[in-house]
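# Tertiary structure, described
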Amino acid sequence: DVVFQLLVFFLLTASFVQPSLRLDLPSGQTSDEPDAAPIVVDIDATGAIRVDGAVVERSGLEGALRIALSGDRSAVRLSGDRAMAYELFVEALDAARRAGAAHFDLVHAGFDAGGGE
């Protein structure tokens, strides 16, 4: 009985894979250009903020991002220390939005499946 059920299962799943729809897709004349390198905003545990490696005051973050976004760059990569205040993260995200950033990347360390710390 078990072998028969397995046989029926594999026959049914194999039949669902077979049908496919063939499409003749149209082609376009233009394509999206690859994005320029993102603007990197680093915030360390003490609250020091760096935009592309240059130290920026908390009050001047939006202005620095606005200047950096004035070219062809539209993405902001936010990297923060684990011990930084969450308030700084929210302020940096809001400043990037107000400055005109179109895309946001959040940098994080890989997940340790062995139980962590």
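Now for a quick tour of the structure.

Criteria and cut-off values
Residues numbered from 1 in each chain as written. Predicted model: local features only at pLDDT ≥ 70, side-chain atom pairs only at ≥ 80, totals over all residues. Heavy atoms only, no water. Helix = DSSP H or I, 4+ residues; strand = E, 2+ residues; numbered from the N terminus. Buried < 20%, exposed > 50% of the residue type's maximum accessible area, 1.4 Å probe, protein only. Contact = heavy atoms within 4.5 Å. Areas by Shrake-Rupley, 256 points an atom, 1.4 Å probe, with all protein chains shown as cover. Arc of directions from axis to C-beta. Core = buried A, V, L, I, M, F, W, Y, C linked by side-chain atoms within 4.5 Å.

Looking only at helices and strands, the protein features 3 helices and 5 strands. Classification of the 117 residues of the protein by burial places 20% in the buried group. Taking the intrachain contacts of the protein between residues at least 6 apart in sequence as the baseline, contacts between residues at least 24 apart amount to 68%. Put simply, the protein shows about 9200 Å² of open surface, and 57% of that area lies on carbon and sulfur atoms.

Those residues of helix α2 (residues 61-68) that sit buried are L61, L65 and A68. Here the buried residues of α2 occupy an arc of 60 degrees about the axis, which is enough to place them on one side.

Within the largest apolar cluster, 21 residues are counted, with the highest numbers of intra-cluster contacts made by I39, V41, I43, V51, L61, L65 and V76. Listing elements by their share of this core, those giving two or more residues are β1 (39-43), β2 (49-51), α2, β4 (75-80) and α3 (86-99). When residues of this core are assigned to their parent elements, the largest contribution, 7 residues, is made by α3. If we skip the residues at most four places from it in the chain, I39 touches V51, D52, L65, A68, L69, R73, A75, V76 and R77.

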